[in-house]
Amino acid sequence: MIDIVLLYNGAGIEEATITRWLKTVGNQVTEGEVIVEVETVKATIEIEAPANGTLAAIIAPDGATVEVNSVIGTIAS
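The rules behind these values
Residues numbered from 1 in each chain as written. Predicted model: local features only at pLDDT ≥ 70, side-chain atom pairs only at ≥ 80, totals over all residues. Heavy atoms only, no water. Pairing = 2+ DSSP bridges. Helix = DSSP H or I, 4+ residues; strand = E, 2+ residues; numbered from the N terminus. Salt bridge = Lys/Arg side-chain N within 4 Å of Asp/Glu carboxyl O. Buried < 20%, exposed > 50% of the residue type's maximum accessible area, 1.4 Å probe, protein only. Axes fitted to C-alpha atoms, helices over the stretch in contact; angles between N-to-C directions.

Caption draft 1: Broad picture of the pairing of strand β4 (residues 34-39). Pairing geometry for strand β2 (residues 15-21) and β4, over 4 bridges, is antiparallel. Bridge pairing in β4 links T17 to E39. Relative to strand β5 (residues 44-48), β4 is paired through 5 bridges, and the arrangement is antiparallel. Paired with V38 across the two strands is I45, which belongs to β5.

Caption draft 2: Representation of the pattern of salt bridges in the model. In the structure shown here, the tally under the stated rule is 2 salt bridges. The salt bridge partner of R20 is E37, with a shortest N-O separation of 3.1 Å. A residue pair is termed long-range when its members are at least 10 positions apart, and R20 in strand β2 and E37 in strand β4 qualify at 17 residues. Accessibility expressed as a relative area gives 15% for E37, which makes it buried. Note that K23 and E33 form a salt bridge whose closest N and O atoms lie 2.9 Å from each other. Placement of the pair is K23 in the loop between β2 and β3 (28-29) and E33 in the loop between β3 and β4, with a sequence separation of 10 residues.

Caption draft 3: Here's a closer look at the sheet that holds β5. An order of β5-β4-β2-β7 is seen for the 4 strands of this open sheet, with the pairing classed as antiparallel. Looking at the sheet topology across the chains shown, the edges are occupied by β5 and β7 (65-67). On average, each strand axis in the sheet is tilted by 40° relative to the strand beside it, whichever way the strands run. Two elements, β2 and β7, share 3 bridges in a ladder whose sense is antiparallel. Counted as the bridge partner of A16 is V66 from β7.

Given below as structure tokens:
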């Protein structure tokens, strides 16, 4: 399993809210493909799939607020 991690390099940003997943569990994903949108206090950002595979789990659903560097989903290769 490959973790999908909420990474953000913005200064002072400690958490973000999952706006919407663009894929559902079981969908095929391609490395670099945008799979989820998240909103911080400063911007809406897109999170890309870190690898090719199948979206195996959504850990942080739409509307969830999560800390930066948290695992928000997993991909099965």
